[in-house]
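# Report on the structure
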Amino acid sequence: ELLLMIQESAGFFFNLSTQQPSSKGTVTWPRKVVACAAAGHYILGSTGVGQLDVFGVRDQKNCQTLTMQGAVVSICSAFGGRAIVASEGSLTCLDPVPFERQVKKLLLQARIADALDLLNSTFGPEDPSRESQLSRLHALAGWGLFRDL
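This write-up is about the structure you can find in this document. (Residues numbered from 1 in each chain as written. Predicted model: local features only at pLDDT ≥ 70, side-chain atom pairs only at ≥ 80, totals over all residues. Heavy atoms only, no water.)

Let's shift gears to the side chain of Thr47. Structurally, the position occupied by Thr47 is in the loop between strand 6 (42–46) and strand 7 (51–56). Contacts of Thr47, omitting those with residues within four sequence positions, involve Trp29, Pro30, Arg31, Lys32, Val33 and Val34. (Helix = DSSP H or I, 4+ residues; strand = E, 2+ residues; numbered from the N terminus. Contact = heavy atoms within 4.5 Å.)

Structure below.
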């Protein structure tokens, strides 16, 4: 799929195999986007004022907003889902936290619904590893709830 900018601050997904717009929702930034890139399961976009917004590809929700030193001038994807962000004041490498570590932290805080949301946004219904990850999440959540009795 391809993210096409349809306005200065909004983009939609286009499916290259069907040559039709994707069923995914649009991605909307608060202001005009000056730099945009995809890295791993994320879309990064900057409005150029030192703000970098990170959206999930699967659910198109804003996962995180980062403040950079100066205006962002360029974003590119790198190996392993990383992103390199160049701003007027710095060069930053963004490295995603592994899924397993995120789930473990959420379950230690008894945030089972959030862990399930993370699983759903990371693994689609047709993903072959979804079932094993869901079984693992259920087991860890069960042990966490049992521990708190």
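We now examine the packing of aromatic side chains. Using the criterion set out here, one finds three aromatic pairs in the structure. Between Trp29 and Phe55 the ring centres are 5.2 Å apart and the planes differ by 75°, which places this aromatic pair in the edge-to-face class. Placement of Trp29 in the loop between strand 4 (27–28) and strand 5 (35–39) and of Phe55 in strand 7 is noted, with a sequence separation of 26 residues between them. On the numbers, 5.7 Å between centres and 85° between planes, the contact of Trp143 with Phe146 is edge-to-face. With Trp143 and Phe146 both in helix 3 (residues 130–147) and three residues apart, the pair spans about one turn of that helix. In terms of burial, Trp143 and Phe146 fall into one category: exposed. A cation sits over an aromatic face here: Lys24 above Phe13, 5.0 Å from the ring centre. (Phe/Tyr/Trp six-rings, centres within 6.5 Å; stacked < 30°, edge-to-face > 60°. Buried < 20%, exposed > 50% of the residue type's maximum accessible area, 1.4 Å probe, protein only. Lys NZ or Arg CZ within 6 Å of the ring centre and 35° of its normal.)

Taken in spatial order, the four strands make up an open sheet running 5-6-7-8, and their pairing is antiparallel. Lying at the two open borders of the sheet, with one neighbouring strand each, are strand 5 and strand 8 (62–67). On average, each strand axis in the sheet is tilted by 20° relative to the strand beside it, whichever way the strands run. Strand direction decides the pairing type here: strand 5 and strand 6, joined by five bridges, are antiparallel. (Pairing = 2+ DSSP bridges. Axes fitted to C-alpha atoms, helices over the stretch in contact; angles between N-to-C directions.)

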